[in-house]
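# Topology and contacts: notes
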Amino acid sequence: MGVGALLNIIQIPAGEMNNFSYLLWCSETCEALGVDPSLAPEKMLAALTEHRLTLKILVNTHGHHDHAAGNDVILTATKAHLAAHPAAEIDADMSIDEGALLPVGKSSVRVLHTPGHTPGSITLNPPGALITGDTLFVTRCGRADLPGGDPQALFGSLKRLATFAHETRVYPGHDYGPHPTSTIGFELANNPFMQCPDLASFVRLRMG
């Protein structure tokens, strides 16, 4: 099964830590996938109501509290299934790893395992886009000095994301950059962490 047609993506500011939540939805079926309800799950619920969507799956990009805190509110209200990487240490209904395809109406979203910020960090790859959690921000990247952080793994994950087409949209987990979204081409041109030529220079920049 391929990823199918383009999906609608709604970016939702979610909480005092500048988090972003996301809804991905199929225009034909109005079925949706939610990402990281974070510290303001009521905003995701409001967007579901506004667009008359049915949430089928809720995904956490990783297990940090500021991304997963709103899970119970969303799951209780929608009866959706919770999905996360097995290393995310989340009590999920669905264990998802590299290459998994999550259905969203008549399309689907591919899962990329992108460790480094945490061992269980994932990036979601709907057609033409990357929802990067705390792996890649606009002109920045996630920390690697928290428990489970691994700068070598994070460097590898960023190098992997750098191979996507320049026009691929980047949707980060926090509003930390000059604008809320970007593209891989923009990041390659403007993100110093994406420009590091080798692991040693990346470690100096990220951990220094």
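Anything mentioned here points back to the structure above.
Rules used throughout
- Residues numbered from 1 in each chain as written.
- Predicted model: local features only at pLDDT ≥ 70, side-chain atom pairs only at ≥ 80, totals over all residues.
- Heavy atoms only, no water.
- Buried < 20%, exposed > 50% of the residue type's maximum accessible area, 1.4 Å probe, protein only.
- Helix = DSSP H or I, 4+ residues; strand = E, 2+ residues; numbered from the N terminus.
- Arc of directions from axis to C-beta.
- Phe/Tyr/Trp six-rings, centres within 6.5 Å; stacked < 30°, edge-to-face > 60°.
- Pairing = 2+ DSSP bridges.
- Core = buried A, V, L, I, M, F, W, Y, C linked by side-chain atoms within 4.5 Å.

### Comments concerning helix 3 (residues 71-78)
- Taken together, the buried positions of helix 3 are N71, I74 and L75. The buried residues of helix 3 occupy an angular sector of 95° when the element is viewed end-on, so they sit on one face. The outward face of helix 3, more than 90 degrees from its buried face, is lined by the exposed residues D72, T76 and A77.
- A positive phi of about 65° marks K79, the residue just after helix 3.

### Regarding the packing of aromatic side chains
- Evaluation of the coordinates by the stated rule reveals five aromatic pairs.
- Residues F155 and F202 carry aromatic rings whose centres are separated by 5.4 Å and whose planes lie at 45° to one another, so their mutual orientation is tilted. Of the two residues, F155 sits in helix 4 (residues 151-161) while F202 sits in helix 6 (residues 199-207), which places them 47 residues apart along the sequence.
- F202 sits in the buried class, given a relative accessible area of 0%.
- Among the aromatic side chains, those forming a connected cluster through ring pairs are F20, Y22 and Y171.

### Some words on the pairing of strand 5 (residues 81-84)
- Sheet topology note: the strand 4 (residues 54-59)/strand 5 ladder contains three bridges and is parallel. Directly across from V59, in strand 5, lies its bridge partner A83.
- Inspection of the sheet shows strand 5 paired to strand 6 (residues 94-95) by two bridges, in the parallel sense. Its bridge partner lying in strand 6, A84 is registered against S95.

### Focus: the nonpolar core
- In terms of nonpolar packing, the biggest core is built from 20 residues, with L24, L33, V59, L102 and L124 touching the most fellow members.
- Secondary-structure elements contributing two or more residues to this core are strand 2 (20-25), strand 3 (31-35), strand 4, strand 7 (101-104), strand 8 (107-113), strand 9 (122-125) and strand 10 (129-133).
- Broken down by element, the residue count for this core peaks at three residues, all from strand 2.

Coordinates in, geometry out; function isn't part of it.
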